[in-house]
Amino acid sequence: EFERSAREVAQRNARPKDPLLVGYFTDNEVDFNVDVVFREYSDMAPNEPGKLALVNFIKGYYGDDINALNRNLGTRLRSFDELMDYTSREFQYMESKGVDLRPVKVAFTLEVAKRYTEVTVNAIKAADPNHLILGSRFAGDNAKGVIEAFRGFDVISNNYYGENPPIGYFNFIHSKVGKPILLSEFSFRAMDTGHPNTRGAGIIVGGQAERAGYVKAWLINMLQQPWFIGYMWWE
């Protein structure tokens, strides 16, 4: 269903002959944090496609050896099918007893991220081979654990807010993926605008001069980086 939906959305929105179009985002702030992804798939109902994918992955990860799984997880399962009834609660209990699920979580989320990239890139390229795929606008460092899965994007887009420009983190992304990076959201809110500033991710500063100072400091630092392709201001 995801493949079909992605093709339909791409075909509906494609503008392959538009000379003013730079490219397409695949999404906005999908969370690829390994703990979040593993929890979401764990909490799917038994026999949902996602739950089946998780159980089959775990089965392959342990070489189809239920004894190996039991030794590593401290369980007494008779078959991998019993994992269908496991939710994040059971896995969190394992972790509370000292079981290290991190390698499994990372490996599974890497497969999810690769599949996501494959489906979205193929759908867009089929509808429009002439423009760039600008990535999925990651939120902060929520894709850090599996960032190498997104090499299929032409550009890595990343929303980022905070006190300092994310030079170190973006250097890390570039070292793993080797693609140009777009700062796809950033901003700073000022107290002198008359607005309550109760919404938004940017830090709150005193006034417009301070706000401009932050913007200038961020952009001067970013523009010096060889991988930096541009930025988008979030109003």
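Below you will find a few notes about this structure. Small disclaimer: the values here were computed from a predicted structure and weren't measured.

## Re the packing of helix α2 (residues 34-42) against helix α3 (residues 49-61)
- Orientation of α2 relative to α3, taken along the N-to-C sense of each, is 115 degrees, at an axis distance of 8 Å. Classified by the interaxial angle, the pair formed by α2 and α3 is roughly perpendicular. Across the interface between the two elements, F38, Y41 and S42 of α2 pack against G50, K51 and L54 of α3.
- Of the residues that constitute the contact of α2 with α3, the class distribution is 3 nonpolar, 2 polar and 1 charged.

## Digging into the nonpolar core
- In this structure, F32, F138, F150, F153, I156, F170 and I173 are the most contacted members of the largest nonpolar core, which totals 41 residues.
- When residues of this core are assigned to their parent elements, the largest contribution, 8 residues, is made by helix α6 (residues 102-127).
- Contact partners of F150, with chain neighbours within four places excluded, come to F32, A113, Y116, T117, F138, A143, I156 and V177.
- Within the second largest apolar cluster, 23 residues are counted, among which are V55, L73, F91 and F108.

## Notes on unusual backbone geometry
- A positive phi angle, close to 70 degrees, is found at N47, a residue other than glycine.
- Within the element layout of this structure, N47 appears in the loop between α2 and α3.
- For D64, which is not a glycine, the phi torsion comes out positive at approximately 55 degrees.
- Among the secondary structure elements, D64 is positioned in the loop between α3 and α4 (66-73).
- Among the residues examined, D64 registers a relative accessible area of 53% and is labelled exposed.

Cut-offs used in this document
Residues numbered from 1 in each chain as written. Predicted model: local features only at pLDDT ≥ 70, side-chain atom pairs only at ≥ 80, totals over all residues. Heavy atoms only, no water. Axes fitted to C-alpha atoms, helices over the stretch in contact; angles between N-to-C directions. Helix = DSSP H or I, 4+ residues; strand = E, 2+ residues; numbered from the N terminus. Parallel < 35°, antiparallel > 145°, perpendicular 65-115°, else oblique. Contact = heavy atoms within 4.5 Å. Nonpolar A, V, L, I, M, F, W, Y, C, P; charged D, E, K, R; others polar. Core = buried A, V, L, I, M, F, W, Y, C linked by side-chain atoms within 4.5 Å. Buried < 20%, exposed > 50% of the residue type's maximum accessible area, 1.4 Å probe, protein only.

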